[in-house]
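# Structural overview for review
This is what each chain is made of:
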Amino acid sequence: MAGVVIVGAGQAAASAAAKLRALGYAEPITIIGEEPLAPYQRPPLSKAYLLGQMPIDRLLLRSPEFWAEQQVELRLGTAVTAIDRAAKEVRLAGTRLPYSQLILATGAVPHRLPAAIGGALAGVHVVRNLADVDGMAPALRAGARLVVVGGGYIGLEAAAVARKLGLEVVLVEAAPRILGRVASAETADAIRSMHLAHGVEIIEGIGISRLWGDTSVRGVELSDGRNLPADLVIVGIGVAPATALAQAAGLAIDNGIAVDAEGRTADPAIWAAGDCASFPMGSGGLRLESVGNAIDMAECVAGNILGAATAYVPRPWFWSDQYDAKLQIAGLNTGYDQVITRQAEGYSVWYYRGKTLLAVDALNDARAYMVGKRLIEAGRSPDAARVADPLTDLKALL
Ligand SMILES: Cc1cc2nc3c(=O)[nH]c(=O)nc-3n(C[C@H](O)[C@H](O)[C@H](O)COP(=O)(O)OP(=O)(O)OC[C@H]3O[C@@H](n4cnc5c(N)ncnc54)[C@H](O)[C@@H]3O)c2cc1C
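Residues numbered from 1 in each chain as written. Predicted model: local features only at pLDDT ≥ 70, side-chain atom pairs only at ≥ 80, totals over all residues. Heavy atoms only, no water.

## A short note on the layout of surface pockets
Empty pockets left among the atoms are what a rolling probe the size of a water molecule brings to light. Approximately 480 Å³ is the volume attributed to the second largest pocket. In the lining of the second largest pocket, the residues fall into 10 nonpolar, 7 polar and 4 charged. Residue contributions to the lining of the second largest pocket reach at least three from each of two domains, namely domain 1 (4-109 + 239-305) and domain 3 (324-397). (1 Å grid on protein atoms, 1.4 Å probe; cavity = no way out; pocket = protein on both sides within 12 Å on 5 of 7 lines; lining within 4 Å. Points joined across faces, edges and corners; volume = space filled by probe spheres on them. Nonpolar A, V, L, I, M, F, W, Y, C, P; charged D, E, K, R; others polar. Domains from an automatic or database assignment.)

Here you go:
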C-alpha cells in the first residue's frame, strides 16, 4: 500500500501527518523535506531564535519520539524533483516513491533583490529558513550597521531584534509607508513610533538603486542618491508560493497551487495546504501566509483525504513580536473602508466595511484581540462608536 506522501516538511506537513494519524489513518505516511531539520516553527526565526534566546530543539514542532511513535517516516535533506501523475509516484534524487494520495506543502520562497543590483553579494540575507538565520548570526554583533530592505512584519521584527543586539539599524521601505500591504496607516503609525523610540531610522517612499561592495556588501544606494553604509543587509520583501513542482506536473496555478474548497487540486489524488495553496474565497482564490492557516488547512485536507468532504473556512489570526510589544491580528482587513481606533488597556485598530467588522489589530491588548476574534468568527459586528469608547467593557460586546 502506497499511503500518503507529503512534500515539504514544514508546518502544514506536520499538521497534516499528525491529523491523519489522529483520525485513525493506518497506512504509511512519508514526509519528504529538502531542509535537514524535522518540521520546525518559522516565526521564532525573526524573533526569539534570531535574538539567540531559543535553543534549536525548541523550534521543533514535534519531538523525534513523536514521529517514531506515530510511524511517520521523515525523509529529510531530500528534495522532490518531479511528480509523475500517471504512475502516482514522486521522484527524489535517484529514486521514486509511490503514493495513493499526495499532499503538496511546499511553502513559499522569499523574493531576493536581483544579482544585477548586488542582491547576491555576501552579507545580503533573507529570513525564511533556519540556515538563513544561522548564516547571518555571526554578523549580528553590537555596533554593526544593518540596512533592512522592506517594512513588512519580517523586516520590522528583524530590525527590532537587531536593535536589541545593539546594531545600528536603518529600515528602507519603497512604498509610501511601512506595512502598506497588510495594515492600516493607524497600525503602521503605532509600529513606526515604537521603532523610532528604539533608535531605528525609517526611510519610507524611497527605493533601492543598488547594493554595492567588492565581494561583501558595504553599502546601499537609494533611488534619491543617498548612500547608506552597511555591514549587512536583510531583505524582507515578501515571498512567492513554491509552485514549481505543481506547475511542472501540469496542475493549475493561480497565485498558488489552485485547490477546490476541500483543498484538492484538479487531480483527485493531489492536495495542497499552507503557504503554497490558493483556495476559493468569494469570487477568486485566496492564499494566506500564516501558521494558523497552515495548521487549519492541513488538518482540513487530512480529514478530506479520509472522506470528510468539509470545505475549508479560514479563521485568520496572526501575531508579531517587536521589542517588548505584541501585536495580535484577527480576521482579514481586505476591503475595509473605515478604521476605528481604541486606546484602553492597550491600543487596537478595528477595520470595518460599512457596518461589518472585518479585522482587529491589537497592540498589547489581549482582550481586544480575543473579543475581536470571537466577534469576527461569529459574524457579529459591534457598533463602531461603542468600540471606540474606552469606557466600553469589550466583553459586554460578546
Ligand atoms: C521569519 C518568519 C516569521 C514568521 N512569523 C510568523 C508569525 O509571527 N505568525 C504567523 O502566523 N506566521 C508567521 N510566519 C509564516 C509561517 O511561518 C508560514 O505561514 C508557515 O510556516 C507556512 O507553513 P507551510 O508548511 O505552508 O510552509 P513552510 O513552513 O515554509 O514549509 C515548507 C517546506 O517545504 C520544503 N520544500 C519546498 N519544496 C520542496 C521540495 N520540492 N521537496 C522537498 N521539500 C520541499 C521547504 O524547504 C520548507 O521546508 C513567519 C514566517 C517566517 C519565514
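That was the structure; now back to the text.
## What about the site of the ligand?
The environment of the ligand is formed by 32 residues, the closest being Ala12, Glu35, Lys47, Arg128 and Asp275. Between the ligand and Asp275, the relevant distance is 2.7 Å, taken from an oxygen atom to a side-chain nitrogen or oxygen of the residue. Interatomic distance of 2.9 Å between a backbone N/O atom of Trp319 and an oxygen atom of the ligand. When contributions to the shell around the ligand are tallied by element, the ones reaching two or more residues are helix H1 (11-22), strand E2 (29-33), helix H7 (291-305) and strand E22 (317-322). Each residue belonging to the shell around the ligand can be placed in one class, and the counts come to 15 nonpolar, 10 polar and 7 charged. Split by domain, the residues of the shell around the ligand number at least three in each of domain 1 (4-109 + 239-305) and domain 2 (112-235). (Near = heavy atom within 4 Å. Polar contact = N/O pair within 3.5 Å; in protein donor to acceptor, adjacent residues only side chain to side chain. Helix = DSSP H or I, 4+ residues; strand = E, 2+ residues; numbered from the N terminus.)

## Remarks on the sheet that holds strand E5 (residues 89-92)
Strand pairing in a sheet relies on backbone hydrogen bonds, with the paired strands running either antiparallel or parallel. Sheet architecture is open: 3 strands sit in the order E4-E5-E6, paired in antiparallel fashion. Since the sheet does not close on itself, it has two edges, and those belong to strand E4 (80-84) and strand E6 (95-98), each with one partner. Each neighbouring strand pair of the sheet contributes to a mean axis angle of 25 degrees, computed without reference to strand direction. Examined bridge by bridge, E5 and E6 share 4 bridges and lie antiparallel to one another. (Pairing = 2+ DSSP bridges. Axes fitted to C-alpha atoms, helices over the stretch in contact; angles between N-to-C directions.)

## A look at the sheet that holds strand E15 (residues 227-229)
Ordered by their spatial adjacency, 3 strands build an open sheet running E13-E14-E15, and the pairing between neighbours is antiparallel. The open sheet has two edge strands with one neighbour each: strand E13 (208-213) and E15. For this sheet, the mean angle separating the axes of adjacent strands, direction not counted, is 20 degrees.

## A closer look at the packing of H1 against H7
Where H1 meets H7, the closest approach of the two axes is 8 Å, and the angle between their N-to-C directions is 35 degrees. Here the hand of the crossing between H1 and H7 comes out right-handed. Contacts between H1 and H7 pair Gln11, Ala12, Ser15, Ala16, Lys19 and Leu20 from the former with Val291, Ala294, Ile295, Ala298, Glu299, Ala302 and Ile305 from the latter. Along the lines of polarity and charge, the residues of the contact of H1 with H7 split into 9 nonpolar, 2 polar and 2 charged. (Left-handed = near helix turned anticlockwise from the far one by under 90°. Contact = heavy atoms within 4.5 Å.)

## What about the side chain of Asp84?
Relative to the helices and strands, Asp84 resides in strand E4. You can call Asp84 buried: its relative accessible area is 18%. Here Ala86 takes part through its backbone nitrogen, which lies 3.3 Å from a polar atom of the side chain of Asp84. The contacts of Asp84, once residues within four sequence positions are left out, are Glu89, Arg91, Arg96 and Tyr99. (Buried < 20%, exposed > 50% of the residue type's maximum accessible area, 1.4 Å probe, protein only.)

## Observations concerning the pattern of salt bridges
On inspection of all chains with the given rule, the structure shows 19 salt bridges. Across the pair Lys373 and Glu377 runs a salt bridge whose closest N-O atoms are separated by 2.7 Å. Of the two residues, Lys373 and Glu377 are both situated in helix H8 (residues 366-377); the distance of 4 residues between them amounts to about one turn of the helix. The class for Lys373 is buried, based on a relative accessible area of 18%. (Salt bridge = Lys/Arg side-chain N within 4 Å of Asp/Glu carboxyl O.)

## Focus: unusual backbone geometry
Most peptide bonds take the trans configuration, and most residues that are not glycine carry a negative phi. Positive phi is not limited to glycine here, since Gln71 has a value of about 55 degrees. Following the sequence through the fold, Gln71 ends up in the loop between helix H2 (64-69) and strand E3 (72-76). Phi at Leu179 takes a positive value of approximately 55 degrees, unusual for a residue other than glycine. Turning to its location among the elements, Leu179 is positioned in the loop between strand E11 (168-173) and helix H5 (185-197). Here Leu179 falls in the buried class, since its relative accessible area comes to 2%.

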